[in-house]
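# Structural features, examined
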Amino acid sequence: MAQTLIIIHRRGDWEAYYPSEQVLTFADYLNSAQVKPGPHTRIINLCRNFGYLTEGYYCSLLAEARGHKVIPSVQTISDLGKRALYRLHLDDFSETVNKSLQQADIEQPIVLKSFFGHTADSNFNDLSQKLFEAFPCPILEITLRYRKLWEIAGLKPLSPAGLSDPDESRFAEALDTFSRGVWRKPRNQKVARYDLAILCDANEKMAPSDPGALKRFIRAGKERGIDCEIISQQDYLRLAEYDGLFIRTTTNIDHYTYRFAKKAEQEDLVVIDDSNSILRCTNKIYLADLFRKHKVPAPRTEVIHKDQILQLHELCAHLGYPVVVKIPDGQFSKGVEKARDEKELHDICKRLFEHSSLLLAQEFLYTDFDWRIGVLDRQPLFACRYYMVKNHWQIYRHGKRTDSGGFDTVDTSEVPAPILEAALRATRPIGDGFYGVDVKESENKGYVIEVNDNPNIDHGVEDKFLGQELYLRIMDVLLKRMEARRGH
């Protein structure tokens, strides 16, 4: 289990806050034989000075030499030490700065304090969070200046020493959120061997796991000696505290979930869904080409380029009508339409080409239901039949409200062999992650529609046959990989 240590300059710097054994002076950290080397120690460096060859500089340098995860890193300290270095990155923030100040009617310089990416003025939270991601530093002074447009004039790392009473309170709250659990007294319970972050979005309307499922994941983790913690987008820079990341919010390439997966991999965490799986599964163009290459049974498919719209007749002649048209990164049946004739096909393509330069045209296979085969670690995990919405050709119908069809869940041993084999064959070239494979059953054959990373696990649906065993099996795979990563 990871430990978090806070390094300060002198004991007096911490008088305003609750005492803790996890707070050490720089001298203690320098000389302590009790601080174990290795990546499961996290260091928050709050020394007074971060100049070259000062205590703050040496604290981060020693932390990195000892294999500890430290904030700020030596790289961040070096970048913030010279304006010539950090200004190279500031052009990326110009739009965010001016968006934060679009209602401002002043032209005087503005000085902000950012505490782990949070400011007292909520108008600047987006800017503060983005700067924290670029320059991870516990306390950062941000100076904004107006010259025809607002710009970042200066960035300076600070320590808690000398903060005002209101800023001390803001810092303590931000620190508690960032290092969650540092100040809590340990309960008399079995100490977890591993820490797992479960990334969720509390505001997501069609999240891949409902609250009931998340509770069961946490319970299963506890049974396996894994301490599971729900995290959100704001916890990006806390990833180094964990041994694994389990993503339970809908993924996409142009989305923070992909950045989380990449960051976790850089920190040597076990990750489901890994970045390669996200990259491969969220684009249907890639999947269509992959299926062709590996001879995965699938409906006949053509890729349409927007410059070839006049050739639609030739491109889709052998697919017949109706034909299904998809944008490459659509999810939950969004961006998927059915054309009954060539005129509808032209109209649909013209509309969808506004969102993507490439589209997929796919042979239409109507079935009363789609098989959803859950695959984890190259083995079948669960099997569901998702039924079409009444008087509709998809399992979802989007409008003023979103309707979905019924379902039933069966033992994977009851799934027809061609369906199961098609699902496993489709995931082999993608990886050994967690996938949901949608398969059409027609004339005793299986046709793969798509492979989804981050498949749904909702209580009472996908777990209806296996119950709690489903969650335990997922935790078993994560545990096996964390043990292997740590060399046990």
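In case you missed it, the structure is sitting above this.
Residues numbered from 1 in each chain as written. Predicted model: local features only at pLDDT ≥ 70, side-chain atom pairs only at ≥ 80, totals over all residues. Heavy atoms only, no water.

### Quick word on the packing of aromatic side chains
The cut-off we apply is this: Pairing of aromatic rings covers Phe, Tyr and the six-membered ring of Trp, with a centre-to-centre limit of 6.5 Å; geometry is then stacked below 30 degrees between planes, edge-to-face above 60, and tilted otherwise. Put simply, DSSP H or I for four residues or longer makes a helix, DSSP E for two residues or longer makes a strand, and each gets a number counted from the N terminus. Each residue is assigned to one of three classes by its accessible area relative to the maximum for its type, calculated with a 1.4 Å probe on protein chains only: buried under 20%, partly exposed between the two thresholds, exposed over 50%.
For the coordinates displayed, the defined rule picks out 13 aromatic pairs. With a centroid separation of 6.0 Å and 75° between ring planes, the pair formed by F132 and F178 is classed as edge-to-face. Note that F132 is positioned in helix α6 (residues 125-134) and F178 in helix α7 (residues 165-178), a separation of 46 residues in sequence. F178 carries the same exposure label as F132, and that label is buried. When the ring of F369 is compared with that of W371, the centres are 5.7 Å apart and the planes differ by 85°; the resulting orientation is edge-to-face.

### Focus on the pairing of strand β8 (residues 194-199)
We apply this condition: At least two DSSP bridges between two strands are required for those strands to pair.
Counting buried positions along β8 gives six out of six residues, so the element sits mostly inside the fold. Burial along β8 is two-sided: Y194, L196 and I198 facing one way and D195, A197 and L199 facing the other are all buried. With six bridges joining them, β8 and strand β9 (residues 226-231) adopt parallel strand pairing. Residue pairing in the sheet places A197 in a bridge with E229 of β9. As defined by bridge partners, β8 adjoins strand β10 (residues 244-247) across four bridges and the pair is classed as parallel. Paired with I198 across the two strands is F246, which belongs to β10.

### Notes on the side chain of N452
Stated formally: In protein, a polar contact means a hydrogen-donor-capable atom and an acceptor-capable atom, both N or O and within 3.5 Å, with residues adjacent in sequence counting only if both atoms are side-chain atoms; elsewhere, any N or O pair within 3.5 Å suffices. The contact criterion used is simple: two residues touch if any of their non-hydrogen atoms lie within 4.5 Å.
Positionally, N452 belongs in strand β22 (residues 445-453). Among the polar contacts made by the side chain of N452, one reaches the side chain of D438 at a distance of 3.3 Å. Excluding residues within four positions of it along the chain, N452 makes contact with C281, R372, F434, Y435, G436 and D438.

### Observations regarding the sheet that holds β9
Selection rule: Only the stretch in contact is used when a helix axis is fitted, and all axes are lines through C-alpha atoms; the angle between N-to-C directions ranges over 0 to 180 degrees.
Spatially, the four strands line up as an open sheet ordered β9-β8-β10-β11, and their pairing is parallel. Two strands close off the open sheet at either side, each with one partner strand: β9 and β11 (270-272). Shown here is a sheet whose adjacent strand axes are inclined to one another by a mean of 20°, direction ignored. On the sheet, helix α8 (residues 211-223) packs against β8, β9 and β10 and is oriented at approximately 155° with respect to β9.

### Quick word on the packing of α8 against helix α15 (residues 468-486)
Heads up, the condition is: Geometric relationships in this document are graded by angle, where less than 35 degrees denotes roughly parallel, more than 145 denotes roughly antiparallel, 65 to 115 denotes roughly perpendicular, and other angles denote oblique. Crossings are sorted by hand: turned counterclockwise from the far helix by less than a right angle, the near helix makes the crossing left-handed, and turned clockwise it makes it right-handed. Three residue categories are used. Nonpolar comprises Ala, Val, Leu, Ile, Met, Phe, Trp, Tyr, Cys and Pro, charged comprises Asp, Glu, Lys and Arg, and polar comprises the others, including Gly.
Running from amino to carboxyl end, α8 crosses α15 at an angle of 60°, the nearest separation of the two axes being 9 Å. The orientation of α8 with respect to α15, classified from their angle, is oblique. Relative to α15, α8 is oriented so that their crossing is right-handed. Together, A213, R216, F217, R219, A220, G221 and E223 of α8 and Q468, Y471, L472, I474 and M475 of α15 make up the contact between the two elements. A breakdown of the residues in the contact of α8 with α15 according to their chemical character gives seven nonpolar, two polar and three charged.

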